[in-house]
Amino acid sequence: MTATENEQKKLSLIEAHAYWEHPDDGMNSPLEYLLDSETNRLRNESLLSVFEKHVDHADSILEIGCNAGRNLQALYRAGYQKLSAVEISQDAISVMRKYLPELYSRTQITVGPIEDIIKTIPKTRHDVIFTMAVLVHLPPESEWVLKEIAKRAKKKIIIFEPESKTADSPRHFPRRYKHFFQLCRRPQIEQWWPVPGLPKPYICRVFGARKLP
């Protein structure tokens with residue numbers, strides 16, 4: 001790869017981080033994330049249906065890309081108390097602090113790009129790591145993050161992610177998650193499609209504990 005190609009990759013990652021830190025196109029507002037809409041209610045119900053089946057209330061849970069906290073709030077109300085999150089946008093966390101103050105005070109939150117944070121997370125800290133519509137925004141040069149996630153969930157990985165294009169967007173990077181995580185020795189134990197509240201290309205996949213080599 002030439003120096004120019006490396007610079008272009010680096011620039012694309014910088015641009016991706018800059019956008020998600022401060023979305024500036026009228027989309028992806030943290031406040032919209034918290035709206036009491038039918039879509040958001042359906043997404044909460046889908047999330048809880050999977051967690052009630054696969055996650056104990058005593059488990060420690062990490063959400064990667066929590067935005068203003070809608071998913072975490074649904075889990076907190078359902079009795080899940082050991083919550084942590086990584087979020088790139090300080091603006092989104094400020095919205096959580098204002099509108100969901102109890103959740104904010106009870107959640108361990110790290111602000112910054114997942115690329116800068118994932119390797120600092122101890123491998124034995126979290127029982128469950130989950131995402132919803134977050135990994136799709138990881139550009140190809142950040143795909144190594146998925147391998148780090150595979151190393152760090154003690155019990156399960158739960159993802160709600162698209163595996164084909166949902167829109168003509170330069171920020172969408174669908175990939176074959178089942179194949180990828182199984183290569184990382186995380187066997188899939190369930191999949192769910194379609195997922196109520198999410199567009200048709202989204203699939204929920206649950207991966208079990210890491211197999212020994």
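Residues numbered from 1 in each chain as written. Predicted model: local features only at pLDDT ≥ 70, side-chain atom pairs only at ≥ 80, totals over all residues. Heavy atoms only, no water.

Visitor: Help me understand the overall build of the chain, please; the structure alone is not making it clear to me.
Guide: A count of helical and extended segments in the chain gives 9 helices and 7 strands. A globule of 213 residues ought to have a C-alpha radius of gyration of about 17 Å, and the chain, at 17 Å, matches this closely. Referenced to the eigenvectors of the C-alpha coordinate spread, the extents of the chain come out at roughly 50 × 45 × 35 Å. Within the chain, buried positions represent 48% of all 213 residues. Restricting to contacts in the chain with at least 6 residues of sequence separation, those with at least 24 account for 72%. Taking the average location of the 31 positive side-chain charges in the chain and that of its 27 negative ones, the two points are 8 Å from each other. (Helix = DSSP H or I, 4+ residues; strand = E, 2+ residues; numbered from the N terminus. Rg over C-alpha atoms; globule rule 2.2 N^0.38 Å. Buried < 20%, exposed > 50% of the residue type's maximum accessible area, 1.4 Å probe, protein only. Contact = heavy atoms within 4.5 Å. Lys, Arg positive; Asp, Glu negative; His and termini not counted. Charge placed at Lys NZ, Arg CZ, Asp CG, Glu CD.)

Visitor: Got a minute to help me understand the sheet that holds strand E2 (residues 83–87) in this structure?
Guide: What holds strands together in a sheet is hydrogen bonding between their backbones, with the strands either parallel or antiparallel. Taking strand neighbours across the sheet as the criterion, the 7 strands line up as E3-E2-E1-E4-E5-E7-E6 in an open arrangement whose pairing is mixed. The sheet is open, and its two edges are formed by strand E3 (108–111) and strand E6 (188–192), each paired on a single side. The sheet shows a mean angle of 15 degrees between the axes of neighbouring strands, direction not considered. Sheet topology note: the E2/E3 ladder contains 4 bridges and is parallel. (Pairing = 2+ DSSP bridges. Axes fitted to C-alpha atoms, helices over the stretch in contact; angles between N-to-C directions.)

Visitor: Can you help me understand the packing of helix H3 (residues 38–54) against helix H4 (residues 70–77) in this one?
Guide: If you want to describe how two helices pack, look at the angle between their axes and the distance between the axes. Remark: H3 packs on H4, axes separated minimally by 10 Å, with the N-to-C direction vectors making an angle of 55 degrees. Of the possible angle classes, the one that applies to H3 and H4 is oblique. Between H3 and H4 lies a crossing of right-handed hand. Facing Asn40, Arg43, Asn44, Leu47, Leu48 and Phe51 of H3, the residues of H4 in contact are Arg70, Asn71, Ala74 and Leu75. (Parallel < 35°, antiparallel > 145°, perpendicular 65-115°, else oblique. Left-handed = near helix turned anticlockwise from the far one by under 90°.)

Visitor: How should the packing of aromatic side chains be read in this particular structure?
Guide: Each aromatic ring pair is described using two quantities: the centre-to-centre distance and the angle formed by the ring planes. In the structure shown here, the tally under the stated rule is 5 aromatic pairs. Ring plane angle 85 degrees and centroid distance 4.8 Å describe the contact between Tyr19 and Trp20, whose orientation is recorded as edge-to-face. Plain terms: the ring middles of Phe180 and Phe181 are 5.8 Å apart, the flat faces sit at 85 degrees to each other, and that makes the pair edge-to-face. An aromatic cluster is defined as three or more aromatic residues linked by ring pairs; in this entry it consists of Phe51, Tyr80 and Phe130. Lying across the ring of Tyr33, Arg70 places its NZ or CZ 4.3 Å from the centre. (Phe/Tyr/Trp six-rings, centres within 6.5 Å; stacked < 30°, edge-to-face > 60°. Lys NZ or Arg CZ within 6 Å of the ring centre and 35° of its normal.)

Visitor: How do you make sense of unusual backbone geometry when you look at a structure like this?
Guide: Note on backbone geometry: most residues besides glycine have negative phi, and most peptide bonds are trans. Each neighbour pair has its own omega, and for Trp193 with Pro194 the value is -5 degrees, a cis peptide bond. Note that Pro194 resides in the loop between E6 and strand E7 (202–207). In this model, Asn67 sits at a positive phi of 50 degrees, which is unusual for a non-glycine residue. With a phi close to 65 degrees, Arg185 is a non-glycine residue in the positive phi region. Along the polypeptide, Arg185 turns up in the loop between helix H9 (177–183) and E6.

Visitor: Just to check I follow, could you spell out the confidence of the model for the chain for this structure?
Guide: Interpreting fine coordinate detail is not advised for predicted regions of low pLDDT. Taken residue by residue, the chain gives an average pLDDT of 91. The fraction at 70 or more is 93%. Below a pLDDT of 50 lies the segment residues 1–8, which in the model reaches 2 contacts outside its immediate sequence neighbourhood of four places, other chains included. (pLDDT = per-residue confidence, 0-100.)

Visitor: Explain the nonpolar core to me, please; I cannot follow it from the model alone.
Guide: Grouped burial of nonpolar side chains is what soluble globular proteins tend to show. With 28 residues, the main nonpolar core has Phe51, Ile61, Leu75, Ile158 and Phe160 as its most contacted residues. Among the elements of the structure, H3, H4, E2, helix H5 (90–99), strand E4 (126–132), strand E5 (153–162) and E7 are those that each provide at least two residues to this core. Ignoring sequence-local partners within four residues, the contact set of Ile61 consists of Phe51, Val55, Leu75, Tyr80, Lys82, Leu83, Ser84, His126, Val128 and Phe130. (Core = buried A, V, L, I, M, F, W, Y, C linked by side-chain atoms within 4.5 Å.)

Visitor: I would appreciate a short explanation of the pairing of E5 in the present structure.
Guide: Residues in a regular strand point their side chains to alternate faces of the sheet. With 8 of 10 residues buried, E5 lies mostly within the body of the structure. Note: E4 against E5, 6 bridges, orientation parallel. In the strand pairing of E5, His126 is matched with Ala153. A crossover connection joins E4 to the parallel E5 through helix H8 (residues 144–152); in handedness this β-α-β unit is right-handed. Taken together, the 6 bridges between E5 and E7 define a ladder with antiparallel strand orientation. Paired with Ile159 across the two strands is Arg205, which belongs to E7. (Right-handed = clockwise from strand over helix to strand, strands pointing away.)

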